[in-house]
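Residue-level structure breakdown
As a plain string of letters, each chain reads:
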There are 2 protein chains.
Amino acid sequence: MKTPTIAWSRMGSAPPPSVIANLMTAALRTPGMLSLAAGFTDNTVLPTEAVTAAATRLLSQEPDRAYLQYGTNPGREGLRAGLLAHLRSYPGECAANMVPDDCVITNGSQQALYISVQVLCDPGDIVFVESPSYFVFLELLRGLGVEPRGIPTTAEGEADPAAFAERLDEMRKTGELARVKLIYLMGYHANPSGSSIREETKRALGNVLNRLPRPLPVIEDGAYRDLYFESPHAAPSILSLREFADLPRLYAGTLTKPFATGLKVGYAVMPQTAWRERLLRIKAHQDFGTAHFNQAILENIVAEGTFHAFLQSVRPHYAAKMRALEDALRSEGLPEMGWQWESPGGGLLLWVRTPEKFDTRMGRAFHQKCLSEKVLYVPGDVCFAENAPANCLRLSTGNLPIKGIREGVRRLARAARAVFV
Amino acid sequence: MKTPTIAWSRMGSAPPPSVIANLMTAALRTPGMLSLAAGFTDNTVLPTEAVTAAATRLLSQEPDRAYLQYGTNPGREGLRAGLLAHLRSYPGECAANMVPDDCVITNGSQQALYISVQVLCDPGDIVFVESPSYFVFLELLRGLGVEPRGIPTTAEGEADPAAFAERLDEMRKTGELARVKLIYLMGYHANPSGSSIREETKRALGNVLNRLPRPLPVIEDGAYRDLYFESPHAAPSILSLREFADLPRLYAGTLTKPFATGLKVGYAVMPQTAWRERLLRIKAHQDFGTAHFNQAILENIVAEGTFHAFLQSVRPHYAAKMRALEDALRSEGLPEMGWQWESPGGGLLLWVRTPEKFDTRMGRAFHQKCLSEKVLYVPGDVCFAENAPANCLRLSTGNLPIKGIREGVRRLARAARAVFV
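Residues numbered from 1 in each chain as written. Chains lettered and ligands numbered in written order. Predicted model: local features only at pLDDT ≥ 70, side-chain atom pairs only at ≥ 80, totals over all residues. Heavy atoms only, no water.

**A short note on the interface of chain B and chain A**
Between chain B and chain A, the residue contacts involve 87 residues of the former and 87 residues of the latter. Roughly 7,400 Å² is buried in total at the junction of chain B and chain A, and carbon and sulfur atoms are behind 61% of that figure. Summed over the shared surface of chain B and chain A, the result is 2 salt bridges. One salt bridge connects A:Glu49 with B:Arg65, and the closest N-O pair in it is separated by 3.3 Å. Between the two partners, chain B and chain A, sit 47 residue pairs in polar contact (both at pLDDT 80 or more). Mapped by element, the contributors of at least two residues to the side of chain B that touches chain A are α1 (20–29), α2 (48–61), α4 (108–120), α5 (135–143), α8 (273–286) and α9 (292–303) of chain B. When residues in the side of chain B that touches chain A are grouped by element, the largest group, 8 residues, is from α8(B). Residues that form the side of chain B that touches chain A fall into these classes: 44 nonpolar, 26 polar and 17 charged. (Contact = heavy atoms within 4.5 Å. Buried area = accessible area lost by both parts, 1.4 Å probe. Salt bridge = Lys/Arg side-chain N within 4 Å of Asp/Glu carboxyl O. Polar contact = N/O pair within 3.5 Å; in protein donor to acceptor, adjacent residues only side chain to side chain. Helix = DSSP H or I, 4+ residues; strand = E, 2+ residues; numbered from the N terminus. Nonpolar A, V, L, I, M, F, W, Y, C, P; charged D, E, K, R; others polar.)

**Some points on the pattern of salt bridges**
For the structure on display, the rule yields 58 salt bridges over all chains. One salt bridge in this structure joins B:Glu93 and B:Arg225, with 2.7 Å as the shortest N-O distance. Of the two residues, B:Glu93 sits in the loop between α3 (77–88) and β2 (103–106) while B:Arg225 sits in the loop between β6 (218–221) and β7 (249–254), which places them 132 residues apart along the sequence. Residue B:Arg225 is classed as buried on the basis of its relative accessible area of 3%. Each member of the salt-bridge network shares a partner with another, and the members are A:Glu147, A:Arg149, A:Glu176 and A:Arg179. (Buried < 20%, exposed > 50% of the residue type's maximum accessible area, 1.4 Å probe, protein only.)

**Concerning the sheet that holds strand β9 (residues 349–353) of chain A**
For sheets, the rule is that strands pair by backbone hydrogen bonds, running either parallel or antiparallel. Residue and element names in this part refer to chain A. Reading across from one edge, β9-β12-β11 is the order of the 3 strands in this open sheet, with antiparallel pairing throughout. The open sheet has two edge strands, β9 and β11 (378–379), and neither has a second partner. The sheet contact formed by β9 and strand β12 (residues 392–396) spans 5 bridges and is antiparallel. Following the sheet pairing, Arg353 is matched in β12 by Cys392. In the packing of helix α10 (residues 306–331) onto the sheet, contacts are made with β9 and β12, and the angle to β9 comes to roughly 25°. (Pairing = 2+ DSSP bridges. Axes fitted to C-alpha atoms, helices over the stretch in contact; angles between N-to-C directions.)

**Looking at the sheet that holds strand β3 (residues 126–129) of chain A**
All names here are of chain A. One open sheet accounts for 7 strands, arranged β2-β8-β7-β6-β5-β3-β4; its pairing is mixed. If you trace the sheet from one side to the other, it starts and ends with β2 (103–106) and β4 (147–150), each paired once. Going across the sheet, the axis of each strand differs from the next one's by a mean of 25°, ignoring polarity. In the sheet, strand β7 (residues 249–254) pairs with strand β8 (residues 266–269) via 4 bridges, with the strands oriented antiparallel. In the strand pairing of β8, Ala252 is matched with Ala268. Lying over the sheet, helix α3 (residues 77–88) contacts β2, β7 and β8, oriented at roughly 105° with respect to β2.

**Re the relation of the copies chain B and chain A**
Between the two copies, chain B and chain A, the superposition gives an RMSD of 0.0 Å; the rotation angle is 180° and the shift along the axis is 0.0 Å. Within this description, the copies of the chain are treated as partners about a two-fold rotation axis. When C-alpha distances to the rotation axis are compared across chain B, the minimum falls at B:Thr52, with a value of 3.5 Å. Interface overlap between copies: 100% of the residues of chain B at the interface are likewise at the interface in chain A, consistent with a symmetric, same-surface contact. (Least-squares fit on C-alpha atoms with pLDDT ≥ 70 in both.)

**Regarding unusual backbone geometry**
Most peptide bonds take the trans form, and the phi angle of most residues other than glycine is negative. A:Ser131 connects to A:Pro132 through a cis peptide bond whose omega is 5°. Here A:Pro132 shows up in the loop between β3 and α5 (135–143). Of the consecutive residues B:Asn191 and B:Pro192, the connecting peptide bond is found in the cis state with omega at 10°. Mapped onto the fold, B:Pro192 is located in the loop between β5 (180–185) and α7 (199–210).

**Regarding the packing of helix α4 (residues 108–120) of chain A against α5(A)**
Residue and element names in this part refer to chain A. Running from amino to carboxyl end, α4 crosses α5 at an angle of 30°, the nearest separation of the two axes being 10 Å. Regarding the angle of α4 to α5, the classification is roughly parallel. Pair α4 / α5 crosses with right-handed handedness. Across from Gln110, Leu113, Tyr114 and Val117 in α4, the residues of α5 making contact are Val136, Phe137, Leu140 and Leu141. The residue inventory of the contact of α4 with α5, partitioned by class, reads 7 nonpolar, 1 polar and no charged. (Parallel < 35°, antiparallel > 145°, perpendicular 65-115°, else oblique. Left-handed = near helix turned anticlockwise from the far one by under 90°.)

**Describing helix α6 (residues 161–174) of chain B**
Residue and element names in this part refer to chain B. Compared with an ideal rise of 1.5 Å per residue, which puts 14 residues at 20 Å, α6 spans 20 Å between its outermost C-alpha atoms and is within 8% of the ideal. Buried residues of α6: Pro161, Phe164, Leu168 and Met171, and no others. Viewed end-on, α6 has its buried residues packed into an arc of 80°, placing them on one side of the element. Among the exposed residues of α6, those oriented more than 90 degrees off its buried face are Ala162, Glu166, Lys173 and Thr174. (Expected span 1.5 Å × (residues − 1). Arc of directions from axis to C-beta.)

**A word on the packing of helix α8 (residues 273–286) of chain A against α4(B)**
At their nearest, the axes of α8(A) and α4(B) sit 8 Å apart, and the two run at 105° to each other. The angle between the axes of α8(A) and α4(B) places the two elements in the roughly perpendicular class. Contacts between α8(A) and α4(B) involve A:Ile282, A:His285 and A:Gln286 from the first element and B:Gln110, B:Gln111 and B:Tyr114 from the second.

**What to know about the nonpolar core**
A:Phe137, A:Trp339, B:Phe137 and B:Trp339 are the most contacted members of the largest nonpolar core, which totals 228 residues. Not counting the four nearest positions on each side in its chain, B:Trp339 is found in contact with B:Leu329, B:Leu334, B:Val352, B:Arg353, B:Thr354, B:Pro355, B:Phe358, B:Phe366, B:Leu393, B:Leu412 and B:Ala416. (Core = buried A, V, L, I, M, F, W, Y, C linked by side-chain atoms within 4.5 Å.)

**Quick word on the packing of aromatic side chains**
Scanning the model with the defined rule gives 29 aromatic pairs over all chains in all. Where A:Phe259 meets A:Phe310, the ring centres are 5.0 Å apart and the plane angle is 75°; that geometry is what we call edge-to-face. Of this pair, A:Phe259 sits in the loop between β7 and β8 while A:Phe310 sits in helix α10, placing them 51 residues apart in sequence. With respect to burial, A:Phe259 and A:Phe310 carry one shared label: buried. Centroid distance B:Tyr67 to B:Phe293: 6.2 Å. Interplanar angle 25°. Geometry classified as stacked. With B:Tyr67 in the loop between α2 and α3 and B:Phe293 in helix α9, this residue pair connects regions lying 226 residues apart in the sequence. A relative accessible area of 1% means that B:Tyr67 is categorised as buried. Among the aromatic residues, those joined into a cluster by ring pairs are A:Trp339, A:Phe358, A:Phe366, A:Tyr377 and A:Phe420. A cation over an aromatic ring shows up here: B:Arg225 above the ring of B:Tyr188, its NZ or CZ 4.2 Å from the ring centre. Residue placement shows B:Arg278 over the ring face of A:Trp8; its charged tip is 4.1 Å from the ring centre. (Phe/Tyr/Trp six-rings, centres within 6.5 Å; stacked < 30°, edge-to-face > 60°. Lys NZ or Arg CZ within 6 Å of the ring centre and 35° of its normal.)

In structure tokens, the structure reads:
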């Protein structure tokens, strides 16, 4: 067979993806490899019985069988009502801007991000993200020809509203501001930093955007919000802060990251009709509605209280795993080697800074040594839009049991000692 | 709240969608409305028990619970192997070019179409489709800024390879051929025509493409192939015809259109590595893998023989519904009013041509009358890339019971008599 030559589009001609995807594939295929990289949740607590029970309840509760038929493009109204009630249970979340009509069920929250970038950004446009930010979002932007830029941070690593205002003002002077189309924030136990944005910082960011000549759309991605350890983070979302009331905004969430990732059902709450209508238009071309069965299962699970009870049960589980990870890092003497981190209040991810001489990037000595020790981490540099530091890494508690986390950290520490001592 | 002004992208600025989506919404909301429009399958035969049984089997067959975890981007290998075995059971399908590595599981077959257009076409490019063709594909193209054109047809309404070759040659002379990036065919019981492409015609189309200066990628969409009435259509797919061996090609199919649309799992068989890799790259940005639970359910259902047995049972059901539709059209005297159609060998759709004076388009007298009679059809003109005739319509047997089909046709006939007699 000849291999035909194809005239690819601009998107088809884009450079190959980062090697991060290969990391996950390697983790799944190499025997004995321990993955502190994969952003998976913990298989041992996946709610298989609860999902089967919900499927069984649907047999009698929805005898018209319509849950196995196509649904509507925006998704099941009962599910939207249920998840909004859940969202309103968080501190400071007001009921305003949270009616089912403002909400769209998506194929994972990822789809809400993807389509929003499609309707807001042309190739060459700019999107500001936190530093660091969710690397799949960075890849998504680049795949669509959009340029990510980093919101400046304080010395403590939090978004710095004053420095951001300055940067935007400089861009206004050079005319570059016209190409900025979107701000992307992860307010809660973020990927990869594990940290949350304080209410005062979030409000200050809103003020920066309000003072611009043209209001900039904002996405807040709350993917890890439900996975807090002790108590929910105190800051309300952009849906409830008055500083964001006049900005185009989308709050993205997921019903399945904290519950069962294999169901892949996300949502977008977006009070502005114009943005929502455009998102729905493109969604109609991509799938005309998220898998109806999965929506029905989740609506049932939320309505029956199973979702709430499940979250209550997994929070201490993930809290214990995070403690085990931090304890292991300490008992292996990594702080003495200059490894530093903030204890997260939730989520699955620990963000570690190493000394400057300690290069964690893909292909460098430490990374290679970790591969031969059979342990995987995410090199932190891939999580930056620009000016990526070489000395940070992301560790995940989701995938491995506590014993595996400890052994993974022992391997990390062996690699660190071999390369840097 | 101020309504903020947003600087939309080119995609965000695209004109609003056709009103077809509203038809479906109207069908779902208007009491007493009978829909001969919606491309739904029949709720009464949806396999709710079979799906719950599969979910129950997974509890014991996959005790590691991983089916509720993220899967891989290309999808479950066991599902790919199972569906390829199913595909190979069709007449003339050879095993070559059908190994699991050539196959990608997608979020409905729609996602395979969408991403393929993204990687092959830039705004302003041209895609050739049959006349008529699947209207959601036409909308998808326009949404991405791509221009659909119609493959010329014979007097019998089949694709005309000789006329197509001529048209492409004219485009070569004007330089327009360089903008043609893809050919889209529906080989089996097509939407909306209900007809299949004969083997000899398909081979001739392959020859036309082979003679071009640059090989053109081809998609064959087999969405309705499994829903044959008596026996499978005789023509092999583009995967097994030597005329397509040197062309970039993708065969798109679905495991859920013929089984349970609410599960939304499609697939693409694409022997060329370069196209497949690019599709996977973009898929990683859109969802990084189709819902794993749904894949596991379907893998189980295919492996246990449930899929095969279900298809055996629904084929006579849909055949009977099609007979009922045709009988009703005849007994209401519509052939005497000049309505003409070919009996399809499978699928859910009947394509009807009316006399030239008989305008079926949206908003015209007949369509308005049908709305007041509370019956919906799809005006045929929306299914054409160009030169759309005003006198055709698509009727679907999927949604209504036989009694409803008969009543729907009575209403259509009343409207026809009121407007045209």
